[in-house]
Amino acid sequence: MALVTFLIPCFVIGTDIAFSCQNTDDFVGASSPGDIVIGGLFAVHNEMLRPEEYPIKPVIQNCAGFEIQIFLQTLAMIHAIETINNSTLLSGVTLGYEIYDTCAEVTKAMASALRFLSKFNSSEDVVEFKCNYTDYVPRIKAVVGASYSEVSMAVSRLLALQLIPQVSPVSSAEILSDKIRFPSFFRTIPSDFHQTRAMAHLICESGWNWIGVIATDDDNGRFALESFGVQAMANNVCIAFKEMLPAYLSDNTFQTKVDHAIEKIVKETRVNVIVVFMRQFHMLKLLKKAIERNVKKIWIASDNWSAAVKISTIPNIRQLGTIVGFGFKSGDMSTFQDFLRNLHEKPTDNNKFLHEYIVLLSVCAHLEYHDFQMCISNQSQDDLLQNVENKHQIWRDDFLNANIEPGFIHSTVLAVYAIAHAIKGQCKDRNCKDPSAFTPWELLEELKKVTVIDDDKEIKFDSNGDMSTSYNVLLWKEIDGHMEITTMAEYDPEKGDFIFEDEEKKKEFLDLKKVQSTCSQHCRPGQMKKVTESPHTCCYECVYCPENHYSNQTDMDYCYRCNNKTYWAPVNSTTCYRKTIHFLAWTDWFAIFLLLLSAFGVVLVLSISVIFTKNLNTPVVKASGGLTVCYIILFSHFLIFLSTVFFIDEPTEFKCKTRQALFGISFALCISCILIKSLKILLAFSFDPKLQNFLKCVYKPVPTVVTCTGIQVVICTFWLIFRTPFVKQNFSIPRTIILECNEGSIVAFGIMLGYIAALAFICFIFAFKGRKLPENYNEAKFITFGMLIYFIAWIVFIPVYATTFGKYLPAVEIIVVLISNYGILCCTFLPKCYIIIYKQETNTKSAFLKMIYTYSSKSAGSVAVSQISLDSKSSSSRATISDSCKSEKNSVNGNCHSQVPGQRLIKGKGLPKNTARTMARKRLSSI
């Protein structure tokens, strides 16, 4: 028994190494004769052993690491060829095959390719050197394979020498679509361009943008990484780190690199999605280490390992997290499964792979499933001596069926059928039982036009030699304690869309979004990204949109600017808000207050008009210039009060043009009339002959009023024609649009106000001159006071108006207009109304005569006599005055007053009383 125990591991070690290559026939892994022979290149073993002797000799080494999935691909090729031979597709022409093991090594594959190039029926497998291979007939007509893109690149360059068609069911590197470098290469799968785009699309749809990538350091891994990098950038996905693992397990640094990659994954806590472009035997090492370190992520699997059963059966695989992969679209596997069930009946003489599998199966039979799988795949003696009961013998009988990767099997069968259809096209008018009936380059041209029926659909090679079949999106799920590889969706490379079979599948897809894998938190609407010091665009800070900016989506690179004229937005806003339009509305409390003041002014004007009309013939009314003048002044006051209405409510072109013109012309008319009154009063009570002569020349009421008012009309007309006021939208206040009247020309506005001020100033001067009138009739004094109110109001108005903005700007002008208007109105008419209503005894002709007489007497008595020496003329003048005084019956207090032309008033001994009365009558009539 001890001897048997010792012999088992020895036997395993012996079978660990594939059958040695003693001659060229031993080099072939599986073969079958036929009229037309097709070559096959598959990596049935995953590594080629390194020679231990020194110096190294050019000897093809043995291989190790039996790959059950790729062994199944060789069986799929054999099954397809046998099916074709048993059908009427080639009508009597049989297909043969020669399948070689590349051991995932370019060197071994090149050796096989050299044999493909050797001349047909050459006993020594000689490859002839020619300048022209047009008529050259090689050993095979076409090649199916290889298993890896790196190997396919090397082999394709060699086969291109004779333009031998090569159809790969697995090699997906994007570079192989280049028909200049690889003119004879075809494949029955899409290129990595579509796979990497699908991966980037999946990552983007799931809301991930911070991921890690691990790939093998070979042509396939580097090209896949480069293609994915481009697609990731196009989808705003950033790669946090990239780790490259050695292409060969025999590399001394392999385990160190694996450890480093796992440490990187553990360290990058924000990276929860890992994309992996690796071979299956690399993944076994990597994932076992990840399980040891308790790494739990979402793993995005490339087509190389997305459907690998031997990986899905790793113990504790569920601890790794979620595995999502992309696999090639599969077809009906029923006939191939039947083929596998009868495989034990097949002879193994011409199939060394089958023979090796049967030997390994018997050696590993006593192990549990995963150990059994590892025993088959790695040919390791680990765990072989464990005493484990054979609990799954039934399942183990169906071991090959359980390890089928449908996508690869389907693409292998498609490759064989594509070649067969091309051969059929060449054999229409030829006797294809003769191997020299056509050459490989002729088959190549036929292959470009071939159409294959797959699942009731016609598919063919495109201009790049690729078949645009769809992908299955695979999801690894734990079902009844076992990891099952299920189809979650289908990806259409042409449309770039995911297609779901039902809502449950779609929910599984959407559930992936629950995992966060971002460098930064998502920026909410109302925020934008602010780039940090990181070189990656996915790493940023979220900052609020500034005022008058907004963002309405997540993760926006910048905030949109609102139209500052009509819209606004607060900080951290998701939308713009229309600005509120403001103006001094009728409903505004302040506007109501001002309107009430204006209305009261109108009532006051009407009341004064009524009072004056009822007392038309009284001295007070007559002394005010008569009813006509009073009505004109009161009407102008009414228009001024009315003009304030045009300052309120929404501005219009009509209002803007009317309000200033109405106010300006009305005020000019009012001041012009008051100016005439001032001149009249001054003329009546002035004792200065020069001044009286001047006033008599100036005092022309109607022309003066018409001229003064007409000048203002001209000013306003030119203003309205050349620089007319208009409605303006004021945007100076945030969140608000102020509708206001732009005066059109500040200069014209200033000239209008300046002209009124000039009239008021002249009026003020004349009124000030006549301020010392009779006490009961001091109208000039009140006019002076009214003008002062006007000046004070408008002087204050200028700085206040210049510094005020907003909807209450018109209110400032209304206030000034009301103050000045009320001031002039009250000072002009209220004293008279008071006399008419409350001092009726003074509103008589006799009272007025007495008042004026008293004023005249006081004025004459207050005149000082100049102390100058009087000549004879002066003496005679006094004598004349004395005689005059004597002729009067009565004198005033014994004094006599008179005025000598050209001299001041001198004090005499007496002035006749009737002279004072005469002067009083004259002044009354003047007034």
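From a predicted model like this one, the values you see are computed outputs, not experimental measurements. Every chain is numbered independently, its residues counted from 1 as its sequence is written. The model is predicted, so local features are restricted to residues of pLDDT at least 70 and side-chain atom pairs to those at 80 or more, both for listing and for counting; the totals for chains, interfaces and linings are taken over all residues. The basis for the side-chain values is all heavy atoms of the structure; hydrogens and waters are excluded.

Engineer: Can you walk me through the overall build of the protein in this structure?
Structural biologist: Strands here are runs of E lasting at least two residues and helices are runs of H or I lasting at least four, both read from the DSSP assignment and numbered beginning at the N terminus. The number of helices and strands found in the protein is 30 helices and 29 strands. Three exposure classes are used, based on accessible area relative to the maximum for each residue type with a 1.4 Å probe and protein chains only: buried under 20%, partly exposed in between, and exposed over 50%. Burial status across the protein gives 51% buried among its 927 residues. Of the contacts made within the protein by residues no fewer than 6 positions apart, 69% connect residues no fewer than 24 positions apart. Total accessible area on the protein stands at roughly 43,700 Å², and carbon and sulfur atoms take up 57% of it. Whether two residues are in contact is decided by their heavy atoms: any pair within 4.5 Å suffices. Methods summary: accessible areas were calculated by the Shrake-Rupley approach with a probe of 1.4 Å, and residue burial reflects only the protein chains presented.

Engineer: Can you help me understand the packing of helix H16 (residues 406-426) against helix H17 (residues 440-448) in this one?
Structural biologist: To describe two helices that pack against each other, one gives the angle between their axes and the distance between the axes. Here an axis means a line fitted to C-alpha atoms, over the contact stretch when the element is a helix, while the angle between two N-to-C directions is reported on a 0 to 180 degree scale. Where H16 meets H17, the closest approach of the two axes is 8 Å, and the angle between their N-to-C directions is 110 degrees. Classified by the angle their axes make, H16 and H17 are roughly perpendicular. The interaxial crossing formed by H16 with H17 has right-handed handedness. On the side of H16, the interface is formed by Ala 418, Ile 419, Ala 422, Ile 423, Gly 425 and Gln 426, while H17 contributes Glu 442, Leu 443, Glu 446 and Leu 447. Looking at the contact of H16 with H17 residue by residue, the classes come out as six nonpolar, two polar and two charged. Angles below 35 degrees are treated as roughly parallel, those above 145 as roughly antiparallel, those between 65 and 115 as roughly perpendicular, and all remaining angles as oblique. Crossings are sorted by hand: turned counterclockwise from the far helix by less than a right angle, the near helix makes the crossing left-handed, and turned clockwise it makes it right-handed. Under the scheme applied, nonpolar residues are Ala, Val, Leu, Ile, Met, Phe, Trp, Tyr, Cys and Pro; charged residues are Asp, Glu, Lys and Arg; polar residues are all the others, including Gly.

Engineer: Just checking my understanding: could you explain the sheet that holds strand E11 (residues 273-277) for this structure?
Structural biologist: Adjacent strands of a sheet pair through backbone hydrogen bonds, lying either parallel or antiparallel. What the eight strands build is an open sheet, ordered E10-E9-E11-E12-E13-E16-E17-E18; its pairing is mixed. The sheet terminates laterally at strand E10 (238-245) and strand E18 (497-499), the two strands that pair on one side only. Each strand axis lies, on average, 25 degrees off the axis of its neighbour in the sheet, ignoring direction. Two strands qualify as a pair provided DSSP detects at least 2 bridges between them. Where strand E12 (residues 297-301) and strand E13 (residues 321-328) come together, five bridges link them in parallel fashion. When the sheet's bridge partners are listed, Ile 300 is paired in E13 with Val 324. Seen against the sheet, helix H18 (residues 503-511) touches strand E16 (471-479), strand E17 (482-492) and E18 and runs at an angle of roughly 95 degrees to E17.

Engineer: It is not clear to me how the state of the cysteines should be interpreted in this structure. Could you clarify?
Structural biologist: Disulfides are covalent bonds that connect the sulfur atoms of two cysteines. The disulfide criterion used throughout: a pair of cysteine sulfur atoms within 2.5 Å. Enumeration according to the criterion identifies eight disulfides in this entry. Two residues, Cys 519 and Cys 539, share a disulfide whose sulfurs are 1.9 Å apart. Here Cys 519 and Cys 539 share a disulfide; its torsion about the S-S bond, 105 degrees, makes the bridge right-handed. In this pair, Cys 519 is assigned in the loop between H18 and strand E19 (527-531) and Cys 539 in the loop between E19 and strand E20 (540-544), connecting sequence segments 20 residues apart. Judged on exposure class, the residue Cys 519 and its partner Cys 539 are both buried.

Engineer: Help me understand the pattern of salt bridges, please; the structure alone is not making it clear to me.
Structural biologist: A side chain of one charge can pair with a side chain of the opposite charge if their charged atoms are brought near each other. The salt bridge definition used is simple: a Lys or Arg side-chain nitrogen within 4 Å of an Asp or Glu carboxyl oxygen. One pass over the structure, following the stated rule, counts 27 salt bridges. The partner of Glu 292 in a salt bridge is Lys 289, and the shortest N-O contact between them spans 3.7 Å. Here Glu 292 pairs with Lys 289, and both are found in helix H9 (residues 280-292), just three residues apart, close to one helical turn. Under the relative-accessibility criterion, Lys 289 is labelled partly exposed at 23%. The salt bridge involving Glu 743 is made with Arg 659; its shortest N-O contact spans 3.4 Å. Of the two residues, Glu 743 sits in the loop between strand E27 (736-742) and helix H25 (746-769) while Arg 659 sits in helix H22 (residues 653-685), which places them 84 residues apart along the sequence. Comparing Glu 743 with Arg 659, the two get one shared label, buried.

Engineer: In this structure, what is going on with the sheet that holds E27? I would like to understand it.
Structural biologist: If you walk across this open sheet you meet the three strands as E25-E27-E26, and the pairing is mixed. Each edge of the sheet is formed by a strand with only one pairing partner; in this case those strands are strand E25 (580-582) and strand E26 (726-730). Across the sheet, the mean angle from the axis of one strand to that of its neighbour is 30 degrees, orientation sign disregarded. For E25 and E27, the ladder comprises three bridges, and the chain directions are parallel.

Engineer: Can you walk me through the pairing of E10 in this structure?
Structural biologist: The side chains of a regular strand alternate between both faces of the sheet. Burial analysis of E10 places six of its eight residues in the buried class, the great majority of the element. Across seven bridges, strand E9 (residues 210-216) lies against E10 in parallel orientation. Looking across to E10, one finds that Ala 215 is bridged to Met 244. With respect to chirality, the unit in which E9 leads through helix H7 (residues 219-234) into the neighbouring parallel E10 is right-handed. Viewed with both strands pointing away, a crossover whose connecting path from the first strand over the helix to the second turns clockwise is right-handed.

Engineer: What am I meant to see in unusual backbone geometry here?
Structural biologist: One can expect most non-glycine residues to show negative phi and most peptide bonds to be in trans. Gly 145 connects to Ala 146 through a cis peptide bond whose omega is 5 degrees. With respect to the secondary-structure elements, Ala 146 resides in the loop between strand E6 (142-145) and helix H5 (149-159). Look at Asp 555: it is not a glycine, yet its phi comes out positive at around 55 degrees. Note on placement: Asp 555 falls in the loop between strand E21 (549-550) and strand E22 (560-561). The backbone phi angle of Asn 572 is positive, close to 65 degrees, even though this residue is not glycine.

Engineer: Any chance you could explain the side chain of Lys 505 here in plain terms?
Structural biologist: Locating Lys 505 in the fold gives a position in helix H18. The side chain of Lys 505 sits in the buried core without any salt bridge; Glu 508 is the nearest counter-charge, 4.6 Å away. In protein, a polar contact means a hydrogen-donor-capable atom and an acceptor-capable atom, both N or O and within 3.5 Å, with residues adjacent in sequence counting only if both atoms are side-chain atoms; elsewhere, any N or O pair within 3.5 Å suffices. Within the local environment of Lys 505, its side chain forms a polar contact with the backbone oxygen of Thr 487, the two atoms lying 3.1 Å apart. Filtering out sequence-adjacent residues up to four positions away, Lys 505 remains in contact with Thr 487, Met 488 and Phe 500. The positive count covers Lys and Arg only, the negative count covers Asp and Glu only, and His and the chain ends enter neither.

Engineer: Teacher, can you tell me more about helix H24 (residues 701-722) here?
Structural biologist: Helical periodicity: at 3.6 residues per turn, an α-helix aligns residues three or four positions apart in one direction. Between the first and last C-alpha of H24 there are 32 Å, a value that for 22 residues agrees with the 32 Å anticipated at 1.5 Å per step. For H24, the complete set of buried residues consists of Thr 704, Val 705, Cys 708, Thr 709, Gln 712, Ile 715, Cys 716 and Trp 719. Along the axis of H24, the buried positions cluster into a sector of 110 degrees, meaning they face one direction only. Structural note: H24 exposes Val 702, Val 706, Phe 718, Ile 721 and Phe 722 on the side pointing more than 90 degrees away from its buried face. Take the residue count of a helix, subtract one, and multiply by 1.5 Å to get its expected span. Comment: arc refers to directions from the helix axis out to C-beta atoms.

Engineer: What am I meant to see in a negative patch on the surface here?
Structural biologist: The patch calculation keeps residues exceeding 30% relative accessible area without a salt bridge and links them within 9 Å when they carry like charges or within 5 Å when they are nonpolar (Val, Leu, Ile, Met, Phe, Trp, Tyr). For charged residues, the charge sits on one atom: NZ in Lys, CZ in Arg, CG in Asp, CD in Glu. On the surface, a cluster of negative charge is contributed by Glu 501, Asp 502, Glu 503 and Glu 504. Since its relative accessible area comes to 54%, Glu 504 is described here as exposed.

Engineer: Sorry if this is basic, but what is going on with empty space enclosed by the protein here?
Structural biologist: Over the atoms rolls a probe the size of a water molecule, and in doing so it shows where empty space is left. Using a grid of 1 Å spacing that covers the protein atoms alone, one calls a set of points a cavity when a 1.4 Å probe fits there but cannot get out, and a pocket when the set is open and has protein on both sides within 12 Å along at least five of seven lines; lining residues are those with an atom within 4 Å of a point. Grid points are joined across faces, edges and corners, and a volume is the space filled by probe spheres set on the points. Summed over all chains, the structure comprises seven cavities of 30 Å³ or more. Taken as a whole, the second largest cavity holds about 130 Å³ of empty space. Forming the boundary of the second largest cavity are Glu 67, Gln 69, Ile 70, Gln 73, Ser 147, Tyr 148, Val 170, Arg 279, Gln 280, Asn 304, Glu 405 and Phe 408. Looking at which element gives the most residues to the lining of the second largest cavity, the answer is helix H3 (residues 68-85), with three residues. Of the residues that constitute the lining of the second largest cavity, the class distribution is four nonpolar, five polar and three charged.

Engineer: Help me understand helix H6 (residues 192-205) in this model?
Structural biologist: For H6, built from 14 residues, the straight-helix expectation of 20 Å at 1.5 Å per residue is met to within 8% by its first-to-last C-alpha distance of 19 Å. Of all 14 residues in H6, ten are buried, a share of seventy percent or more. Along H6, the positions that sit buried rather than exposed are Asp 192, His 194, Gln 195, Thr 196, Ala 198, Met 199, Ala 200, His 201, Leu 202 and Ile 203. Of the residues trailing H6, Gly 207 is marked for its positive phi of about 80 degrees.

Engineer: Looking at this model, I keep getting lost on the packing of H24 against H25. Mind explaining?
Structural biologist: Their axes nearest at 9 Å, the elements H24 and H25 cross at an angle of 170 degrees. In terms of orientation, H24 lies roughly antiparallel with respect to H25. Contacts between H24 and H25 involve Thr 707, Cys 708, Thr 709, Ile 711, Gln 712, Ile 715, Cys 716 and Trp 719 from the first element and Ala 748, Phe 749, Ile 751, Met 752, Tyr 755, Ile 756 and Leu 759 from the second. Grouping the constituent residues of the contact of H24 with H25 by class yields twelve nonpolar, three polar and no charged.

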